[in-house]
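The lines below spell out each chain.
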Amino acid sequence: MEEKVIRQLNYVYYGMMLLALTALGVMYYLLMNGSIEPLDRLSRWGQIVQYIVIFDALVTIPGGLYGFKRLIAPVRTMEDKEQQALLYRKYAAIRILLVSNSMVLGIIAYYWLGAYPSMLWLAGIGAIAWYFTKPTVGKMQIELTPEMPEE
């Protein structure tokens, strides 16, 4: 059961990488083709895009990581292992999506703002956080192990 859950989570995990690479390719093509014009980063719309990407990274990365920790706590004590695995898969997929969406938004904003390096840094932070959500059987076992009360 664990291998099946991890295989399904890997589709979500690598799907986010595929989405980031697609965003990179599409934005690069649109800029080089002249289909879209880069926004001035000091204009009102440029600042709005920056605020959205920064706020997204500040909220979704820690929120996804901490939210998963909070959601998985009651699942650890469940007796039904199949239900436990299904809930783990659901919550881990949400964690991957929340944590890695700033990677995709950072790439889009990087190109849309005319290769603005700060947005590339935000995409990098999202990529690092995305890396730490890599699903493995060992990680699943550790996250589903009930915590021992301190004596």
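Note that the coordinates shown come from a computational prediction; the quantities given were computed from them, not determined experimentally.

Caption draft 1: Expanded view of the overall build of the protein. Looking only at helices and strands, one finds five helices and zero strands in the protein. Seen through its principal axes, the protein has C-alpha atoms that stretch 60 × 30 × 20 Å. Counting the 151 residues in the protein, one finds 36% classified as buried. Contacts in the protein between residues far apart in sequence, at least 24 positions, make up 78% of those at least 6 positions apart. In the form shown here, the protein has an accessible surface area of approximately 9,400 Å², with 66% of it arising from carbon and sulfur atoms. With 13 positive and 12 negative side-chain charges, the protein shows a separation of 4 Å between the mean positions of the two kinds.

Caption draft 2: Focus on the packing of aromatic side chains. For the structure on display, the rule yields six aromatic pairs. With centroids separated by 5.0 Å and ring planes inclined at 85°, the aromatic side chains of Y13 and Y14 adopt a geometry described as edge-to-face. For the ring pair Y131 and F132, a centre distance of 5.6 Å and an interplane angle of 70° mean the geometry is edge-to-face. No difference in accessibility class separates Y131 from F132, as the two residues are exposed. Ring pairing ties together the aromatic residues Y13, Y14 and W130, which thus form one cluster. In this structure, R95 is placed above the aromatic ring of F68, and the distance from its NZ or CZ to the ring centre is 3.8 Å.

Caption draft 3: Quick peek at the nonpolar core. Judged by nonpolar contacts, the single largest core of 25 residues is most densely connected at I107, Y111 and M119. Listed by contribution, the elements that provide at least two residues to this core are α1 (2–33), α2 (44–72), α3 (81–112) and α4 (117–131). For this core, the element with the most residues is α3, which contributes eight residues. Counting 14 residues, the second-largest nonpolar core is a separate cluster that includes F68, I72, L87 and Y91.

Caption draft 4: Summary view of α1. Counted at 1.5 Å a residue, the expected span for α1 with its 32 residues is 46 Å, and the 46 Å between its end C-alpha atoms agrees. Those residues of α1 not exposed but buried are V5, I6, L9, N10, Y13, M16, A20, A23, M27 and L31. Buried residues along α1 sit in contact with α3, α4 and α5 (137–144). Where α1 ends, the next residue or the one after it, G34, has phi of about 85°, a positive value.

Caption draft 5: Representation of the environment of D40 within the structure. The residue D40 is located in the loop between α1 and α2 in this model. Relative accessible area serves as the criterion here: at 49%, D40 is assigned to the partly exposed category. As a C-alpha pair, D40 and W112 span 72 residues in sequence and 9.1 Å in three-dimensional space.

Caption draft 6: Just α2, in detail. Taking 1.5 Å as the rise per residue, α2 with 29 residues should run 42 Å; its terminal C-alpha atoms sit 41 Å apart, in good agreement. The sharpest bend along α2 measures roughly 30° and falls at G64. Listed as buried for α2 are G46, V49, Q50, V53, D56, A57, T60, I61, G64, F68 and I72. Contacts made by the buried residues of α2 are with α3, α4 and α5.

Procedures and definitions
- Residues numbered from 1 in each chain as written.
- Predicted model: local features only at pLDDT ≥ 70, side-chain atom pairs only at ≥ 80, totals over all residues.
- Heavy atoms only, no water.
- Helix = DSSP H or I, 4+ residues; strand = E, 2+ residues; numbered from the N terminus.
- Buried < 20%, exposed > 50% of the residue type's maximum accessible area, 1.4 Å probe, protein only.
- Contact = heavy atoms within 4.5 Å.
- Areas by Shrake-Rupley, 256 points an atom, 1.4 Å probe, with all protein chains shown as cover.
- Lys, Arg positive; Asp, Glu negative; His and termini not counted.
- Charge placed at Lys NZ, Arg CZ, Asp CG, Glu CD.
- Phe/Tyr/Trp six-rings, centres within 6.5 Å; stacked < 30°, edge-to-face > 60°.
- Lys NZ or Arg CZ within 6 Å of the ring centre and 35° of its normal.
- Core = buried A, V, L, I, M, F, W, Y, C linked by side-chain atoms within 4.5 Å.
- Expected span 1.5 Å × (residues − 1).
- Bend = angle between axes of the 7 residues up to and from the residue.

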